Amino acid sequence: MSVFTAHTPETAPAAARRAVEGVRGRFGWLPTPVALMAESPQLLTGFLAASAGFEQTALTPLEREVVILTVSTSNECHFCVALHTGKLTGLGTDTDLIDALRAATTLPDPRLEALRRFTLAVLDHRGAVPDDELDDFLAAGYQPRHALDVVLGVGAYTISTFANRLTRAPLDAPLAAHAWTPAT
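From a predicted model like this one, the values you see are computed outputs, not experimental measurements. (Residues numbered from 1 in each chain as written. Predicted model: local features only at pLDDT ≥ 70, side-chain atom pairs only at ≥ 80, totals over all residues. Heavy atoms only, no water.)

1. Topic: the overall build of the chain
We count it as follows: Under the DSSP-based scheme used, a helix requires at least four consecutive residues in state H or I and a strand at least two consecutive residues in state E, with every element numbered from the N terminus. When we talk radius of gyration, it's over C-alpha atoms, and the globule rule is simply 2.2 Å times the number of residues to the 0.38. With a 1.4 Å probe rolled over the protein chains alone, any residue whose accessible area is under 20% of its type maximum counts as buried; one over 50% counts as exposed, and the rest are partly exposed.
Helix and strand counts for the chain come out as nine helices and zero strands. Mapped from its N terminus to its C terminus, the chain presents α and β elements in the order α-α-α-α-α-α-α-α-α. Radius of gyration (C-alpha) of the chain: 16 Å, near the 16 Å computed for a compact globule of 184 residues. Principal-axis analysis of the C-alpha atoms gives the chain an extent of 50 × 30 × 30 Å. Every one of the 184 residues in the chain was classed for burial, and the buried ones make up 45%.

So this is what it looks like as structure tokens:
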């Protein structure tokens, strides 16, 4: 039995209702992780604000999804992997790239692979990325600003993946086609 409540717009704490309604409006349904995060309005609004900020970075939509899927697979968040697989599919992303991201293996595109490796370095070194790994990222054509944008993405999606794992957020039916389990 879970101690966490999956709220509706009507049952959510007053400070979370607007955010819950906004997410439901954007998706056309209320993702269970959002319903669960609503228990802490500050967590929910903090994640949504960080996520919205990440969407405004200098990284392209595809690059942002590479960061998100890298964090999601690394943190083993089945919900995030499924949701963002759907986003990548909607962007028309090649299935080889999606499959490599989901399997946490080398990406077919060298520039995106440099981004994936740099994201892992940020995670693995808790931000203290060794110079050679930062140099490799910059040599792939990224700028210092992009490195900081990755940090924002790592922060935003660490919030989400940790909350989803803590609350044991189930996979919602609209995402069933993109279900994922970590490799053993």
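Read on, since the account is not over.
2. Some remarks on the packing of aromatic side chains
Just so we agree on the cut-off: Pairing of aromatic rings covers Phe, Tyr and Trp, the last counted by its six-membered ring, and requires centre-to-centre distances within 6.5 Å; plane angles under 30 degrees mean stacked, over 60 mean edge-to-face, and any other angle means tilted.
On inspection of all chains with the given rule, the structure shows five aromatic pairs. Ring centres of Phe 47 and Tyr 157 lie 5.6 Å apart, and the angle between their planes is 85 degrees; this geometry places the pair in the edge-to-face category. Of this pair, Phe 47 sits in helix H3 (residues 41-55) while Tyr 157 sits in helix H9 (residues 144-167), and the two are 110 residues apart along the sequence. The exposure class of Phe 47 is buried, given its relative accessible area of 8%. You can call Tyr 157 buried: its relative accessible area is 3%. Note on Phe 137 and Tyr 142: the rings are 4.5 Å apart at their centroids and 0 degrees apart in plane angle, and the pair reads as stacked. A residue is classified by how much of its surface remains accessible, and Phe 137, at 1% relative accessible area, is buried. Accessibility expressed as a relative area gives 2% for Tyr 142, which makes it buried. Within the aromatic cluster, the residues linked to one another by ring pairs are Phe 47, Phe 54 and Tyr 157.

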